[in-house]
Amino acid sequence: MANLLQLRSSFLPSRQIHSPSRRLRHFRVEAKVREIFMPALSSTMTEGKIVSWLKSEGDQLSKGDSVVVVESDKADMDVESFHDGFLAAIVVPEGSSAPVGSAIAFLAETESDIPLAKSKASSNSSSSSSSSDQTQTVTETPDQKSEPTPVPISVPAPSTVPISSIHPASEGGKRVVASPYAKKLAKELNVNLATVIGSGPMGRIVAKDVESAASSPPLTAPPPKVAASPSMELGSVVPFTTMQGAVSRNMLESLSVPTFRVGYTITTDALDALYKKIKTKGVTMTALLAKATAMALTQHPVVNSSCRDGKSFTYNSSINIAVAVAIDGGLITPVLQDADKVDIYALSRKWKELVEKARAKQLQPQEYNSGTFTLSNLGMFGVDRFDAILPPGIGAIMAVGASQPTLVGTKDGRIGIKNQMQVNVTADHRVIYGVDLAAFLQTLSKIIEDPKDLTF
C-alpha cells in the first residue's frame with residue numbers, strides 16, 4: 001500500500017460557533033496551505049531522494065492520488081496525498097535529496113491559494129539559503145570576502161522534453177527510471193524497460209510507454225555493441241547512493257554491539273537429494289535453508305531474540321527469516337515471515353516474489369524490516385566460508401558457504417566422500433551465548449541431514 005504524504009498546515013481559524021444545548025464550543029478550521037514534507041518510509045531512513053514527481057505544479061489533487069515517487073534507503077515508493085487541493089509549488093526537484101521532515105512541496109487548498117503557497121515556498125527556499133550562507137561565512141577567514149550566493153529558483157519543467165534527456169534520478173543513465181505501475185506492467189507484458197523510451201517528465205517511463213512497446217512489432221535486433229568503458233574515472237570520488245548511505249550507517253551502528261562467532265560443518269547429501277527431487281516444483285535452495293533454520297529456531301527461541309536498548313531483550317513471537325540479497329547499488333534483506341509455519345512450496349513462491357520486488361525496488365517496509373534472524377548465502381559463488389556482520393536490531397546472522405565434496409572419515413573407520421557446507425553464525429553476546437549457538441547448530445545439522453520434515 002502506498003504511503004500517504006505527510007503534511008503540515010497553515011491554519012486560518014473561522015468564527016466560533018456556540019451550541020446552546022450542550023454549552024460546547026466547536027471550531028471549524030480551514031487549511032489554506034499545507035507543507036508537504038519528506039516522509040519517513042522506514043525506521044532507518046534519514047533522508048529521501050525524489051525519483052520523480054507524478055504531478056506537476058498547478059495540478060489538482062484528490063485524496064489518494066499518487067503524487068511523488070521517493071527513493072528511501074530500501075526501496076522506491078509511491079507516496080499518496082490524503083488531502084484534496086492543488087500542487088502549488090515543488091521545492092525539491094527530481095533527482096535531489098532532502099532530510100526526513102523537510103519541506104519538498106506545498107499544497108494549496110484552492111486554486112486562489114496557489115500564490116500564497118508559492119510565496120511560502122520562496123520564503124522557505126530563501127531561509128534555507130540564508131542558513132547555508134551563514135554557515136559558509138563562519139568558516140571563512142577574516143580576510144576572505146564571501147560573494148553572495150544566488151537563491152535557487154524552482155523553474156517548472158517544460159511540457160516537451162527531448163527524448164535524449166537523461167532523468168536526474170537515473171544516475172547518469174545507468175538506472176532505468178519508470179513509474180512503479182510501469183515496472184509492474186513491463187513484468188506482466190514481458191517488456192524490457194531498457195529498450196523503452198519514456199515520454200514522462202525528463203524521459204521517465206510511464207505505463208503508456210510500456211503498452212506501446214508491447215504492441216509494437218518486434219524489431220530486428222541490432223548487432224551487439226562493444227561494451228563501453230566504465231563511466232567512472234579511476235581515482236574519482238563517488239558519493240554514496242541513498243541505500244549505500246543506509247548500509248554505511250547500519251554497519252557503523254553494528255560496531256557498538258559485542259559479537260562472537262561459532263562455525264559448524266553440516267553434511268548436505270540428503271538435502272541435495274531432496275532439492276533435486278522437488279526443484280522442478282519451484283522449490284529454491286534459499287527456501288529450504290530458511291525453512292530448516294526456522295524449524296531449528298523453534299527449539300532455540302533465544303537465538304531468535306533481539307536486544308535494542310542494551311537493557312533488555314525480546315523473545316520474538318514470530319520467526320521471520322531475513323535473507324540478504326545484492327541489488328544494483330546496495331544490499332537489502334527481504335523477509336520470509338513465519339517461515340516455520342509456511343510450507344516449503346508457498347515459501348519458495350513467496351521468496352521469488354520478494355526477490356523480484358527487491359530488484360525493482362518495490363518492497364514494502366514490512367517486507368524488509370521485520371526480520372528476527374538473518375541468512376547470508378554466498379555458496380552459489382563457490383565461497384566455502386565467510387563471516388557476516390550482525391545487522392542492528394537482530395540477535396544473530398548465519399553465513400552459509402558452498403556445499404562441496406569433502407573427504408571424510410566414517411564412524412566405522414572407513415574413508416568416504418560426502419557433500420559438506422560450512423556455516424558461521426555471528427551473534428549478539430549480550431543476549432546469546434556460545435552454548436546457545438552450539439545447541440542451535442546441532443539441531444540445524446540434524447534437520448538438514450535428515451530433511452524429511454522440510455516438506456511437511
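Here the structure is shown first, and the text comes after it.
Overview of the structure.

Calculation rules
- Residues numbered from 1 in each chain as written.
- Predicted model: local features only at pLDDT ≥ 70, side-chain atom pairs only at ≥ 80, totals over all residues.
- Heavy atoms only, no water.
- Helix = DSSP H or I, 4+ residues; strand = E, 2+ residues; numbered from the N terminus.
- Buried < 20%, exposed > 50% of the residue type's maximum accessible area, 1.4 Å probe, protein only.
- Contact = heavy atoms within 4.5 Å.
- Areas by Shrake-Rupley, 256 points an atom, 1.4 Å probe, with all protein chains shown as cover.
- Salt bridge = Lys/Arg side-chain N within 4 Å of Asp/Glu carboxyl O.
- Core = buried A, V, L, I, M, F, W, Y, C linked by side-chain atoms within 4.5 Å.
- Patch = residues over 30% accessible without salt bridge, like charges linked within 9 Å, V, L, I, M, F, W, Y side chains within 5 Å.
- Phe/Tyr/Trp six-rings, centres within 6.5 Å; stacked < 30°, edge-to-face > 60°.
- Pairing = 2+ DSSP bridges.
- Axes fitted to C-alpha atoms, helices over the stretch in contact; angles between N-to-C directions.
- Parallel < 35°, antiparallel > 145°, perpendicular 65-115°, else oblique.
- Left-handed = near helix turned anticlockwise from the far one by under 90°.
- Nonpolar A, V, L, I, M, F, W, Y, C, P; charged D, E, K, R; others polar.

Below, the discussion takes up the overall build of the protein. When helices and strands are tallied, the protein shows 8 helices and 21 strands. Of all 456 residues assigned to the protein, the portion counted as buried reaches 41%. Across the protein, the fraction of contacts at a sequence separation of at least 24, relative to all contacts at a separation of at least 6, is 63%. Accessible area of the protein: about 25400 Å², with a carbon and sulfur share of 55%.

For the rest of this paragraph, the subject is the pattern of salt bridges. On inspection of all chains with the given rule, the structure shows 7 salt bridges. Of the charged contacts in the structure, one is a salt bridge between Lys-118 and Glu-57, with a shortest N-O distance of 3.4 Å. Taken together, the positions of Lys-118 in helix α1 (residues 114–138) and Glu-57 in the loop between β6 (47–53) and β7 (60–61) put the pair 61 residues apart, joining distant regions of the chain. Measuring nitrogen to oxygen at the nearest pair gives 2.8 Å for the salt bridge that ties Arg-430 to Asp-428.

Counting residues in each nonpolar core, the largest one holds 53 residues, and the members touching the most others are Ile-321, Phe-373, Leu-375, Met-398, Phe-440 and Leu-444. Per-element tally for this core: the top contributor is helix α6 (residues 285–299), with 9 residues. Apart from the residues lying within four places of it in its own chain, the contact partners of Ile-321 are Ala-290, Thr-293, Ala-294, Leu-297, Pro-334, Val-335, Leu-336, Ala-339, Phe-373 and Leu-375. Listed in part, the 20 residues of the second largest apolar core include Ile-50, Val-68, Val-79 and Ala-105.

With that settled, consider a nonpolar patch on the surface. On the surface, Leu-378, Met-380 and Phe-381 cluster together to form a nonpolar patch covering roughly 340 Å² of accessible area. Mapped onto the secondary structure, Leu-378 falls in the loop between β18 (373–377) and β19 (396–400). Taking relative accessible area as the criterion, Leu-378 reaches 30% and is therefore assigned partly exposed.

Bringing the environment of Val-323 into the picture now. Structurally, the position occupied by Val-323 is in strand β14 (residues 321–323). Contacts of Val-323, omitting those with residues within four sequence positions, involve Thr-286, Ile-332, Thr-333, Pro-334, Trp-351 and Leu-375.

For the coordinates displayed, the defined rule picks out 2 aromatic pairs. Centre to centre, the rings of Phe-313 and Tyr-315 are 5.2 Å apart; their planes meet at 65°, and the pair counts as edge-to-face. When its relative accessible area of 38% is taken as the criterion, Phe-313 is described as partly exposed. Seen from their ring centres, Phe-373 and Phe-440 are 5.7 Å apart, and the 55° between their planes marks the pair as tilted. Of this pair, Phe-373 sits in strand β18 while Phe-440 is found in helix α8 (residues 434–449), placing the two residues 67 residues apart along the sequence. Phe-440 carries the same exposure label as Phe-373, and that label is buried.

For the rest of this paragraph, the subject is the pairing of strand β12 (residues 103–108). The buried fraction of β12 is high, at 6 of 6 residues. Two elements, strand β10 (residues 85–90) and β12, share 4 bridges in a ladder whose sense is antiparallel. Residue pairing for β12: Ile-90 is matched across the bridge by Ala-105.

Two elements in contact, α6 and α8, have axes whose closest approach is 9 Å; the angle formed by their N-to-C orientations is 135°. One finds that α6 runs oblique with respect to α8. By crossing handedness, the relation of α6 to α8 is classed as right-handed. Seen from α6, the contacting residues are Leu-289, Ala-292, Thr-293, Met-295, Ala-296, Leu-297 and Gln-299; seen from α8, they are Phe-440, Thr-443, Leu-444, Ile-447 and Ile-448. Of the residues assigned to the contact of α6 with α8, the class counts are 9 nonpolar, 3 polar and no charged.

This part takes up the packing of helix α5 (residues 269–278) against α6. It is the contact of α5 with α6, at a shortest axis distance of 11 Å, that shows an interaxial angle of 130°. With respect to their mutual orientation, α5 and α6 come out oblique. Considering only the axes of α5 and α6, their crossing is right-handed. Facing Leu-271, Asp-272, Leu-274, Tyr-275 and Ile-278 of α5, the residues of α6 in contact are Met-285, Leu-288 and Leu-289.

Our next topic: the pairing of β18. On any regular strand, side chains alternate: one points to one face of the sheet, the next to the other face. Within β18, 4 of the 5 residues are buried, which leaves the element mostly enclosed by the surrounding structure. Pairing between β14 and β18: 3 bridges, direction parallel. Bridging across to β18, Ile-321 finds its partner in Phe-373. Across 4 bridges, the pairing between β18 and β19 is parallel.

Turning next to unusual backbone geometry. For Asn-190, which is not glycine, the phi dihedral falls at a positive 60°. Turning to its location among the elements, Asn-190 is positioned in the loop between α2 (180–189) and α3 (207–215). Judged by relative accessible area, which is 72%, Asn-190 ranks as exposed. Even without glycine at this site, Asp-338 takes up a positive phi of about 50°.

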